[in-house]
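Each chain, written out:
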Amino acid sequence: MNLFVELTKLLLPIAALLVTAAIGLGAKLLREKAKNEIFGRAVTTAEKVVKAAVLEAQQTVVDSLKERNGGKLTDDEKKWIKDKVLNSVKQRITTETAKELQSITADLEGYLSDLIEAQVYGNKALMPGK
């Protein structure tokens, strides 16, 4: 009986250490999963905001400028429209989403600019007549 008590005294701290390590690992995995979900939501939000801003600019600005210019935009007009869309996107994204995106990329403005370009390119690919 004395041997059983001594073995229990030896094994109990080891078991407690294993349980503590398992709980710590589980907590770390949950934190990583939550962080990835937050980043995923931030990216999805940014993509939706960019899509809406690009479509809005297409409907309110681009089409009328193209009509006046024979179907073409000048380089200055393209830059002006892109700046307008970028400013619109930055105003629509919440501070929290912007912070989450900044933890993913060091160049938030460049990231948003690339999303805008991708959306414009995607729109052009879907509408071959324009």
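Just above, that's the structure.
Residues numbered from 1 in each chain as written. Predicted model: local features only at pLDDT ≥ 70, side-chain atom pairs only at ≥ 80, totals over all residues. Heavy atoms only, no water.

Engineer: Would you mind going over the layout of surface pockets with me for this structure?
Structural biologist: Over the atoms, a rolled probe matching the size of one water molecule traces out where space is still vacant. Estimated volume of the largest pocket: approximately 550 Å³. Together, 20 residues line the largest pocket, and Val62, Leu73, Lys78, Val120 and Lys124 are the ones closest to its centre. Taken together, the elements giving at least two residues each to the lining of the largest pocket come down to α1 (2–68), α2 (75–92) and α4 (108–126). Here the lining of the largest pocket is composed, by residue class, of nine nonpolar, three polar and eight charged. (1 Å grid on protein atoms, 1.4 Å probe; cavity = no way out; pocket = protein on both sides within 12 Å on 5 of 7 lines; lining within 4 Å. Points joined across faces, edges and corners; volume = space filled by probe spheres on them. Helix = DSSP H or I, 4+ residues; strand = E, 2+ residues; numbered from the N terminus. Nonpolar A, V, L, I, M, F, W, Y, C, P; charged D, E, K, R; others polar.)

Engineer: Honestly, the nonpolar core in this entry has me stumped. Any pointers?
Structural biologist: Grouped together as the largest cluster of nonpolar side chains are 22 residues, with contacts concentrated most on Ile81, Val85, Val89, Ile93, Leu112 and Ile116. Every element with two or more residues in this core is listed here: α1, α2, α3 (95–102) and α4. Sorting elements by how many residues they give to this core places α1 first, with 10 residues. Those residues in contact with Val85 that sit more than four places away from it in its chain are Ala53, Val54, Ala57 and Ile116. (Core = buried A, V, L, I, M, F, W, Y, C linked by side-chain atoms within 4.5 Å. Buried < 20%, exposed > 50% of the residue type's maximum accessible area, 1.4 Å probe, protein only. Contact = heavy atoms within 4.5 Å.)

Engineer: Got a minute to help me understand the packing of α1 against α3 in this structure?
Structural biologist: The interhelical angle for the contact between α1 and α3, taken along N-to-C directions, is 115°, at an axis separation of 9 Å. With respect to α3, the element α1 is oriented roughly perpendicular. The interaxial crossing formed by α1 with α3 has left-handed handedness. Across from Ile38, Phe39, Ala42, Val43, Thr45 and Ala46 in α1, the residues of α3 making contact are Thr97, Glu100 and Leu101. By residue class, the composition of the contact of α1 with α3 is six nonpolar, two polar and one charged. (Axes fitted to C-alpha atoms, helices over the stretch in contact; angles between N-to-C directions. Parallel < 35°, antiparallel > 145°, perpendicular 65-115°, else oblique. Left-handed = near helix turned anticlockwise from the far one by under 90°.)

Engineer: Mind showing me how you'd approach the environment of Leu101 here?
Structural biologist: Inspection of the secondary structure puts Leu101 in helix α3. For Leu101, a relative accessible area of 1% corresponds to the buried category. A C-alpha to C-alpha distance of 11 Å links Leu101 and Thr44, two positions 57 residues apart in sequence. Once residues within four sequence positions are removed from consideration, Leu101 is found in contact with Ala42, Val43, Ala46, Ile93, Leu108 and Tyr111.

Engineer: What am I meant to see in α3 here?
Structural biologist: An α-helix turns once every 3.6 residues. As a result, residues three or four positions apart point the same way. Buried within α3 we find Thr97, Ala98, Glu100 and Leu101. Projected down its long axis, α3 shows its buried positions confined to an angular sector of 160°, all on one face. The exposed residues of α3 that point more than 90 degrees off its buried face are Thr95, Glu96 and Lys99. (Arc of directions from axis to C-beta.)

Distances and angles like these do not, on their own, reveal function.
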